[in-house]
Amino acid sequence: MEAAVDFAQSPTECTTISLSAPIWQDVLAQAMTGELLAAMNYTSLSEVCDDPAEVAEALEHAQNERGHAAAFAAEGRRIGVNVASNVDAKHWKRLRGAFLGCIAERDFIGCLIVQEIMLESFAVASYSRVGKVAPGSLGETFARIAAEEEEHIEHALAFLRTERARDAQRFDDKLHRLHLEVMTILAQMLAKECKDGHCEVCQTSCVKPSLFEVRLSAAELRGASLQQYLKTLDMLGIPGEVSLSWVAQLPV
Amino acid sequence: MTSLDFALIGHPESWRAAADVLAFLRGPELTPLPDDEVRDILPWIPPRTVCHVDAGSPIAGATARGLYIDSFIPPDRLEAANLRENIARVRAAAASAIHSGAKIVSLGGFSSILIEGNFDQLPERRDTVFTTGNTLTVAFIVQGIRKMCALEGRNLRNETLLIVGATGDVGSGCARCLAPLVKRVLICARNVERLRRLAAELQADGVQVEVATDVEQFSAEAGIVICAASMASPALLLGGLAPHAIVCDAGYPKNLSPGADMPGARVFFGGLGQITGGLRFAPDLRGILNRHPFPNVVHGCLLEGIALALEGRFEPFSQGRGSITPERVAEIESIAARHGIYLAPLYNAQGPVEAGRESGRLACSRRGVSPGGGSCQQQG
């Protein structure tokens, strides 16, 4: 596979990227899969919204997520790799299933919790970390998309805080139930090693052991994601001791 | 926001302590996290409340409601190189205490750095006051020294006292309280200028004082040693210590290295108090957060906030550095005693010092294995 030349990058960066291109290819594949899944989730959400404004907003979000996926694909082309997504890969498929469970119940709040509080926390944290170490436009794209996803979270938080204020106990029960379902899957996905086989997104072998070559690690991505999740739960008003015990009980 | 009387801010003393808290929170159905996972995950946990703490007082009906907030500073990241990050963590913990509505906040261990000359680092406070708790820590160190001397049949008047970390808030407070009671004082710290200032202050009261930056210079001469240095990990060796010296390790984390070779020394962990009115933790992290061989034992710095809350004195009792006087120590002692807070039974890494007197005597090298078969090493 020939490495594409990016005139915005220095010769050193080009060499670095071409050597690490297979690693970035897998990182991009995971990110693109997540974005496409988010687009599917928002599209599904639009189908259960009653308010036309909410429908429009969900469709707009879906379009944004597709734009993010396209941006990641473009970054792959820029470094000379083909980025293949797989929304049917085992972890991602289960995450989609959890979201569709909320859709089936027409549970708008549940949908927001899964997508905005859980999946987007993971996206913001991991993209931010990648954005700090990835060279050139690759890093810039990850950082930019992390910032955009963070705006999504803030927007959803305002809505969810109002909802929680109506009936905190009921809200927290729902949140905990979805935490057990969704965060367990995410924790398995973010484990330092893929103990239960290939994730079905990485091109060949698991990318996690190679991440140190691009100054990343699976432990760091997991840690940052859990930190972002805890901070998001704090902003939602969940007591710190409660969210701490939830996270402590996740699989590793 | 529910109004609370107090908040206690701390950080794990060791990886074992951190692992035990996480294991408790995981519950008995789940296997504890492996050590490598604890080390990977803990540094990412943002400061947060870990449990609610209620404290009782013998004064009828007096109780105080509070929180324990952990800043989750990793035990191996207390060095100066991580100062900025650690201050940010303590600051976030302080913000959490303020947000919770706590009227008084005690800053345990490293956390006290936030108000030992760094007042501007505190978040906007509203109605919350902060105390380092160092005055009650000094009180319990001094009481412990007196008690140990009594147990050993030693007369303080005949003793040479060495204070390691003497220019710190706790060290200088101990110097002011004990200097008039001993024959001679040796003070040791890294900052020569601060040492000279403290020496001059003590000498003005007629105390015989010598200063050094190298502890080994003094260790052979001291009959009583207080270790009150801010150390990132237990690394103090105290080589050449006089036989039968009384050593109070008041550090958090502990100062004394597990490899310290102190044959015949009488070592105890200082600065600890016991609250007879009891502590109730929810969730019940009793004995996990306060890891001592006796119930209801807590570091003096944290107990100071509890004592002041029980007294209804929501004031920044201990702030700044180097302002702890014998008068202030006596005042906090009497407040604490009024609410059933006293010096904790003395103990060291091998167990209680008082019950089985020999169990506390480090006759073996601390590199070796204790007579009971347990390691002489401290956890860490």
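This text goes with the structure placed above it.
*Asks:* Lay out the overall build of chain A with the relevant residues and their values.
*Replies:* Regarding its fold elements, chain A presents eight helices and zero strands. Counting helices and strands in the order they occur from the N terminus, chain A gives α-α-α-α-α-α-α-α. A globule of 252 residues ought to have a C-alpha radius of gyration of about 18 Å, and chain A, at 18 Å, matches this closely. Along the first, second and third principal axes, the C-alpha atoms of chain A reach 60 × 40 × 30 Å. Buried residues in chain A amount to 55% of all 252 residues. When the accessible area of chain A is evaluated, it comes to approximately 10,700 Å², of which 54% is carbon and sulfur surface. Both charge centroids of chain A, one from 23 positive and one from 36 negative side chains, sit 5 Å from each other.

*Asks:* So what's going on with helix α3 (residues 83-100) of chain B? Residues and values would help.
*Replies:* All names here are of chain B. For α3, which comprises 18 residues, the first-to-last C-alpha distance of 25 Å matches the rise-based estimate of 26 Å (1.5 Å per residue) to within 8%. By the burial criterion, the buried members of α3 are Asn-86, Ile-87, Arg-89, Val-90, Ala-93, Ala-94, Ala-97, Ile-98 and Ser-100. Immediately downstream of α3, the backbone of Gly-101 shows phi near 90°, a positive value.

*Asks:* Help me get a handle on the side chain of Arg-184 of chain B, residues and values and all.
*Replies:* Residue and element names in this part refer to chain B. By the element assignment, Arg-184 lies in strand β7 (residues 184-188). Here Glu-210 takes part through its side chain, which lies 2.8 Å from a polar atom of the side chain of Arg-184. In this structure, Arg-184 is in contact with Glu-159, Thr-160, Leu-161, Gln-208, Glu-210 and Glu-221, ignoring residues within four places of it in sequence.

*Asks:* How would you summarise the environment of Gln-249 of chain A if you had to cite specific residues and measurements?
*Replies:* Topologically, Gln-249 of chain A is positioned in the segment after α8 (240-248). Its relative accessible area of 32% is what places Gln-249 of chain A among the partly exposed residues. Taking the C-alpha atoms as reference points, Gln-249 of chain A and Leu-180 of chain A, separated by 69 residues in sequence, lie 9.2 Å from one another. Once residues within four sequence positions are removed from consideration, Gln-249 of chain A is found in contact with Leu-25, Arg-26 and Leu-30 of chain B. Within the structure, the side chain of Gln-249 of chain A is placed 2.8 Å from the backbone oxygen of Leu-25 of chain B, a separation counted as a polar contact.

*Asks:* Go over empty space enclosed by the protein with me, naming the residues and quoting the values.
*Replies:* All names here are of chain A. This model, assessed by the stated rule, comprises five cavities of 30 Å³ or more. Put simply, the largest cavity is a space of about 510 Å³. What lines the largest cavity is a set of 33 residues, and nearest its centre among them are Gln-30, Trp-92, Phe-122, Met-189 and Leu-190. Those elements that place two or more of their residues in the lining of the largest cavity are α1 (11-48), α3 (90-104), α4 (108-133), α5 (136-166), α6 (168-190) and α7 (218-236). Residue composition of the lining of the largest cavity, by class: 23 nonpolar, five polar and five charged. Of the voids in this model, the second largest cavity is the one considered here, and its volume is about 110 Å³.

*Asks:* Go over the interface of chain A and chain B with me, naming the residues and quoting the values.
*Replies:* On the chain B side, the residues contacting the 20 residues of chain A number 19 residues. Summed over both sides, the interface of chain A with chain B buries roughly 1,700 Å², with 61% coming from carbon and sulfur. Of the charged contacts in the structure, one is a salt bridge between Arg-48 of chain B and Asp-234 of chain A, with a shortest N-O distance of 2.7 Å. Between chain A and chain B we count 12 residue pairs in polar contact (both at pLDDT 80 or more) in total. In terms of residue count, the dominant contributor to the side of chain A that touches chain B is α7 of chain A (nine residues). Its residues assigned to classes, the side of chain A that touches chain B comprises seven nonpolar, six polar and seven charged.

*Asks:* Describe the environment of Leu-28 of chain A, listing the residues and the values that go with them.
*Replies:* Residues and elements named next belong to chain A. When you line up the elements, Leu-28 lands in helix α1. Among the residues examined, Leu-28 registers a relative accessible area of 0% and is labelled buried. Note: C-alpha distance between Leu-28 and Val-214 (186 residues apart in sequence) is 13 Å. Once residues within four sequence positions are removed from consideration, Leu-28 is found in contact with Phe-72, Glu-75, Gly-76, Ile-79, Val-83, Leu-138 and Phe-142.

*Asks:* Provide a residue-level description of the pairing of strand β12 (residues 272-275) of chain B, including the pertinent values.
*Replies:* Remark: a regular strand shows side chains that alternate across the two faces of the sheet. Residues and elements named next belong to chain B. The two faces of β12 match: Leu-272 and Gln-274 on one face and Gly-273 and Ile-275 on the other face are all buried. Where β12 meets strand β14 (residues 297-299), three bridges bridge the pair, whose relative direction is antiparallel. Bridge assignment links Gln-274 to a residue of β14, and that residue is Val-297. Two elements, β12 and strand β15 (residues 341-343), share three bridges in a ladder whose sense is antiparallel. Bridge pairing links Gly-273 to Leu-343 in β15.

About the criteria used
- For every chain, the first residue of the written sequence is number 1, and numbering continues from 1 onward in sequence order.
- Following the order in which they are written, the chains are lettered starting with A and the ligands numbered starting with 1.
- Predicted model: local features are reported for residues with pLDDT of at least 70 only, side-chain atom pairs are reported and counted for 80 or more only, and whole-chain, interface and lining totals are derived from all residues.
- Excluded from the side-chain calculation are hydrogens and water; included are all heavy atoms of the structure.
- We count a stretch as a helix when DSSP gives it H or I for four or more residues in a row; a strand needs E for two or more, and each element gets its number in order from the N terminus.
- The globule rule used for comparison is 2.2 Å times the number of residues to the exponent 0.38, while the radius of gyration itself is calculated over C-alpha atoms.
- Accessibility here uses a 1.4 Å probe with only protein chains present; expressed as a share of the type maximum, an area under 20% marks a residue as buried, one over 50% as exposed, and anything in between as partly exposed.
- Note on areas: Shrake-Rupley, 1.4 Å probe, and residue coverage restricted to the protein chains presented here.
- Neither His nor the chain ends contribute to the count of charged residues, in which Lys and Arg are positive and Asp and Glu negative.
- Charged side chains are reduced to one point each, which is NZ for Lys, CZ for Arg, CG for Asp and CD for Glu.
- In this scheme, a helix's expected span is set at 1.5 Å multiplied by one less than its residue total.
- Counting of polar contacts relies on pairs of N or O atoms within 3.5 Å, with two restrictions inside protein: one atom must be capable of donating a hydrogen and the other of accepting it, and residues adjacent in sequence are counted only when both atoms are side-chain atoms.
- Any two residues whose heavy atoms approach within 4.5 Å at even a single point are treated as in contact.
- Each cavity reported here is a set of points on a 1 Å grid over the protein atoms alone in which a 1.4 Å probe fits but cannot get out, each pocket an open set with protein on both sides within 12 Å along at least five of seven lines, and each lining residue one with an atom within 4 Å of a point.
- Grid points are joined across faces, edges and corners, and a volume is the space filled by probe spheres set on the points.
- As a working rule, the residues Ala, Val, Leu, Ile, Met, Phe, Trp, Tyr, Cys and Pro are called nonpolar, Asp, Glu, Lys and Arg charged, and the rest polar, with Gly in that last group.
- Defined in terms of a 1.4 Å probe, buried area is the accessible area two parts forfeit on being brought together, summed over both.
- A pairing counts as a salt bridge when a side-chain nitrogen of Lys or Arg comes within 4 Å of a carboxyl oxygen of Asp or Glu.
- Strand pairing is assigned whenever DSSP detects at least two bridges linking the two strands.

Without other data, these values stay purely geometric and don't point to any function.
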